[in-house]
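# Report on the structure
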Amino acid sequence: MFHVKQFDVIVVGGGHAGCEAAAAAARMRAQTALVTQSLATIGAMSCNPAIGGLGKGHLVREIDALDGIMGRLADQAGIHFRLLNRSKGPAVRGPRAQIDRAQYRAAMQAELRTTRHLTLVEGSVENLELSANRVSAVVLATGERLPCRAVVLTTGTFLNGVIHVGGERVPAGRIGEPPSLGLAATLRRAGLRLGRLKTGTPPRLDGSTIDWAVLERQPGDAEPESFSALTPRISQSQVDCHITRTTAETHDVIRRNLDAAPIFSGAIQGRGPRYCPSIEDKVMRFGERNSHQIFLEPEGLDDDTIYPNGISTSLSATVQAELVRTIPGLCRAVIRRPGYAIEYDYVDPRELAATLETKAIGGLFLAGQINGTTGYEEAAAQGLVAGLNAARRAAGGGEIIFDRAEAYLGVMIDDLVTRGVTEPYRMFTSRAEYRLTLRSDNADQRLTARGIDIGCVGAERAGVFDQKSAKLQEARRRLEALTITPTEAGRHGLDLNKDGIRRSAFALLSRWDIGWGDVSRVWPELGSVEPTTAAQIEVDAKYAVYLERQMSDVVSFRRDEALLLPDELDYAALPGLSNEVKARLAEARPRSLGQAARLEGITPAALTILASQVRKGRRLAAAE
């Protein structure tokens with residue numbers, strides 16, 4: 001059936017995590033198979049038709065910097081681009097785009113079909129074969145066995161998935177698609193800790209039945225900003241979004257029907273995302289509010305279906321129709337598909353190493369919602385890391401780990417494997433200690449060189465990166481060479497401290513009241529610098545002094561991360577640790593002193609004991 005007798009890597013699932021995992025493993029030249037129930041749904045956007053946002057846009061840029069595919073395809077299929085937090089500092093700005101669902105899905109399928117070393121397989125994986133506590137094959141529902149050296153599970157909401165609409169409960173992984181039952185049982189038999197989470201989606205509306213004239217229009221940016229460094233400009237046609245709000249009448253409809261709401265009736269046990277609650281949850285948790293904002297998001301250029309972002313619900317279809325009619329602009333709106341909640345199994349991410357390989361089963365990697373996260377971007381970033389490490393594992397190579405000072409994807413994975421989750425995990429810029437360094441505008445400068453060393457970055461991206469780096473270096477050299485005194489600056493309208501000190505053009509740009517236009521008026525020759533290069537250099541200058549201060553924190557962080565704790569360390573035998581601390585360390589088995597410090601309940605005194613133990617071990621090893 002296949003051109004290889006044994007795959008290096010098999011990826012299970014064709015969602016955002018699976019697509020990135022398969023593409024990443026194939027870029028590493030691993031013979032890879034992506035197995036999914038339906039090839040037609042590869043790249044489908046199950047929830048909202050958008051990619052990016054605060055924190056999430058950073059992840060997309062980092063995926064792109066490592067030659068991942070989400071950013072490029074989002075640029076191709078994007079129909080409404082906005083840079084969020086534009087009025088704030090560059091560190092917390094987040095690129096976001098509405099996506100044409102059909103175009104994105106088609107682009108993803110075309111991308112994967114033409115990817116070298118990648119085979120697409122239609123089938124349902126129901127079991128894993130293990131040999132010496134390491135994965136050796138996947139078994140399809142047909143009984144067919146596919147041998148492999150590593151497996152990446154990206155099952156999304158399919159593990160024991162159940163859809164709730166009012167009193168209806170339907171086993172499903174996504175609307176109209178069956179759940180994965182066999183894999184859930186396999187993971188339980190393997191001893192992995194599983195839990196239950198919930199997410200949801202709003203009703204889809206017929207755009208031709210909406211009264212657009214009464215709604216607030218939200219245009220995209222006049223000059224769309226791309227996700228990918230390989231996209232020279234956005235050429236796709238652009239459309240507007242619109243804004244409306246719930247009303248007191250909407251809230252009355254919801255309150256009258258709470259007894260039939262699955263999240264309040266006890267039908268749903270899994271916990272949902274706190275930062276993306278259902279409209280039922282919003283009304284009950286924020287009772288003092290008279291209304292909640294709703295963004296009406298188009299699903300495509302040739303599809304007039306509208307996604308009302310803000311009213312995710314699992315109320316019955318009848319009640320959904322009633323509440324929609326109470327919303328301004330939607331009084332005649334027709335629901336094409338009711339909203340629903342979906343409950344599913346996930347694996348406690350503390351079962352994983354920082355490579356996303358399970359600690360219990362060698363060669364088995366997990367990525368996406370199976371790890372307790374929510375969101376396309378979080379899933380795709382995990383898929384990328386899992387795919388790279390699965391390919392390395394299959395080839396007998398070393399692990400690939402991104403740390404918290406290097407990337408948002410490093411922050412996310414460390415949060416997951418160190419602290420676990422109690423609700424679906426979503427990325428925010430506030431989760432990163434070093435967010436001044438981890439900006440969305442410098443993702444390629446942070447990660448592409450690393451990707452080249454890893455072997456996951458192709459020639460085209462490497463060439464673009466080299467050209468950009470050379471331009472940045474040359475522009476900075478020119479800025480550092482141009483200097484001016486306070487008196488000379490005053491003649492150009494720049495008010496500097498009258499201290500007689502000559503300052504470089506780069507130093508002038510570090511001031512928040514001086515921009516590129518100001519220094520270009522002083523030195524007209526700077527007008528030859530490309531606008532994109534000038535913008536990047538200006539941001540670098542603005543943050544330079546803060547980054548110098550933050551670097552000492554990064555050095556301290558990496559010093560602690562370099563103190564690796566032996567896998568065989570017997571925490572119960574360490575004197576001076578409380579029983580509680582011993583139990584937490586024995587359960588988590590942290591990789592390093594730094595990771596141990598991020599565990600709940602680990603005291604400074606305990607860290608001192610651990611550091612002493614590590615140094616003692618190093619001295620003994622050196623003596624031997």
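Here's a quick rundown of the structure. (Residues numbered from 1 in each chain as written. Predicted model: local features only at pLDDT ≥ 70, side-chain atom pairs only at ≥ 80, totals over all residues. Heavy atoms only, no water.)

### Digging into unusual backbone geometry
The backbone of His117 shows a phi angle near 70°, a positive value even though the residue is not glycine. Along the chain, His117 falls in the loop between helix H4 (101–113) and strand E6 (118–122). Since its relative accessible area comes to 24%, His117 is described here as partly exposed. Non-glycine residue Leu356 carries a positive phi angle of around 75°. Note that Leu356 resides in the loop between strand E19 (340–347) and strand E20 (364–366). The buried category is assigned to Leu356, whose relative accessible area is 0%. (Helix = DSSP H or I, 4+ residues; strand = E, 2+ residues; numbered from the N terminus. Buried < 20%, exposed > 50% of the residue type's maximum accessible area, 1.4 Å probe, protein only.)

### Notes on the pattern of salt bridges
Under the definition given, this model contains 52 salt bridges. Note that Glu423 and Arg271 form a salt bridge whose closest N and O atoms lie 4.0 Å from each other. In this pair, Glu423 sits in the loop between helix H11 (408–419) and helix H12 (443–454) while Arg271 sits in the loop between helix H7 (262–265) and helix H8 (279–285), placing the two residues 152 residues apart along the sequence. With a shortest N-O distance of 3.4 Å, Glu480 and Arg476 are connected by a salt bridge. With Glu480 and Arg476 both in helix H13 (residues 459–481), this residue pair falls four residues apart, about one helical turn. Where salt bridges share partners, they join Arg404, Asp414, Asp415, Arg419, Glu433, Glu561 and Arg598 into one cluster. (Salt bridge = Lys/Arg side-chain N within 4 Å of Asp/Glu carboxyl O.)

### Here we look at helix H1 (residues 16–27)
For H1, which comprises twelve residues, the first-to-last C-alpha distance of 17 Å matches the rise-based estimate of 16 Å (1.5 Å per residue) to within 8%. Buried residues dominate H1, accounting for twelve of its twelve residues. Residues His16, Ala17, Gly18, Cys19, Glu20, Ala21, Ala22, Ala23, Ala24, Ala25, Ala26 and Arg27 constitute the buried set of H1. Once H1 finishes, Arg29 follows within two positions and takes phi at roughly 70°, a positive value. (Expected span 1.5 Å × (residues − 1).)

### Side note on the environment of Arg419
Structurally, Arg419 is set in helix H11. For Arg419, a relative accessible area of 46% corresponds to the partly exposed category. The sequence separation of Arg419 and Glu600 amounts to 181 residues, and the corresponding C-alpha distance is 7.5 Å. When sequence neighbours within four positions are dropped, the list of residues in contact with Arg419 reads Arg350, Arg404, Asp414 and Arg598. (Contact = heavy atoms within 4.5 Å.)

### Focus on the pairing of strand E1 (residues 7–12)
A large share of E1 lies buried, amounting to six of its six residues. Both E1 and strand E9 (residues 145–153) contribute to a ladder of five bridges, which runs parallel. Among the inter-strand pairings, Ile10 is bridged to a residue of E9, identified as Val151. Summarising the sheet, E1 and strand E2 (residues 32–36) pair through four bridges and their orientation is parallel. Directly across from Val12, in E2, lies its bridge partner Val35. (Pairing = 2+ DSSP bridges.)

### Some remarks on helix H18 (residues 579–588)
Looking only at H18, the buried set comprises Val581, Lys582, Leu585 and Ala588. Axial view of H18: buried residues confined to an arc of 145°, hence all on one face. Among the exposed residues of H18, those oriented more than 90 degrees off its buried face are Asn579 and Glu587. Arg589 occupies a position one or two residues after H18 and carries a positive phi of about 45°. (Arc of directions from axis to C-beta.)

### As for the packing of helix H3 (residues 70–77) against H4
Packed helix pairs are characterised by how far apart their axes lie and by the angle those axes make with each other. Between H3 and H4, the shortest axis-to-axis distance is 9 Å and the interhelical angle comes to 135°. The angle between H3 and H4 places the two elements in the oblique class. For the pair H3 and H4, the crossing hand works out as right-handed. Taken together, the residues of H4 that come into contact with H3 (itself represented by Met70, Arg72, Leu73, Ala74, Gln76 and Ala77) are Gln103, Tyr104, Ala107, Met108 and Glu111. When the residues that make up the contact of H3 with H4 are grouped by side-chain class, the tally is seven nonpolar, two polar and two charged. (Axes fitted to C-alpha atoms, helices over the stretch in contact; angles between N-to-C directions. Parallel < 35°, antiparallel > 145°, perpendicular 65-115°, else oblique. Left-handed = near helix turned anticlockwise from the far one by under 90°. Nonpolar A, V, L, I, M, F, W, Y, C, P; charged D, E, K, R; others polar.)

### Section: a positive patch on the surface
There is a patch of like positive charges on the surface, built from Arg559, Arg615, Lys616, Arg618 and Arg619. Ranked by the residues each element gives to the positive patch, the list is headed by helix H20 (residues 604–623), at four residues. (Patch = residues over 30% accessible without salt bridge, like charges linked within 9 Å, V, L, I, M, F, W, Y side chains within 5 Å. Areas by Shrake-Rupley, 256 points an atom, 1.4 Å probe, with all protein chains shown as cover. Lys, Arg positive; Asp, Glu negative; His and termini not counted. Charge placed at Lys NZ, Arg CZ, Asp CG, Glu CD.)

### Brief notes about the nonpolar core
Among the nonpolar cores identified, the biggest contains 102 residues, and Ile10, Ile51, Val151 and Leu153 are the most heavily contacted of them. In this view, Leu153 contacts Val12, Leu128, Leu183, Leu187, Leu364, Phe365, Leu366, Ala367 and Ile370; residues no more than four positions away in its chain are not counted. One finds Leu472, Phe506, Val519 and Trp523 within the second-largest nonpolar core, a separate group that totals 23 residues. (Core = buried A, V, L, I, M, F, W, Y, C linked by side-chain atoms within 4.5 Å.)

### Regarding the packing of helix H2 (residues 56–65) against H11
With their axes 8 Å apart at the nearest point, H2 and H11 run at an angle of 110° to one another. Classified by the angle between their axes, H2 and H11 sit roughly perpendicular to one another. Within the contact between the two elements, H2 uses His58, Leu59 and Glu62 and H11 uses Tyr408, Leu409 and Met412.

### Describing the pairing of E2
Most of E2 sits out of view: five of its five residues are buried. Of the two faces of E2, the one holding Thr32, Leu34 and Thr36 and the one holding Ala33 and Val35 are both buried throughout. Where the polypeptide runs from E1 across H1 and back to E2, its parallel neighbour, the crossover connection is right-handed. Summarising the sheet, E2 and E6 pair through five bridges and their orientation is parallel. Bridging from a neighbouring strand, Ala33 pairs with Thr119 of E6. (Right-handed = clockwise from strand over helix to strand, strands pointing away.)

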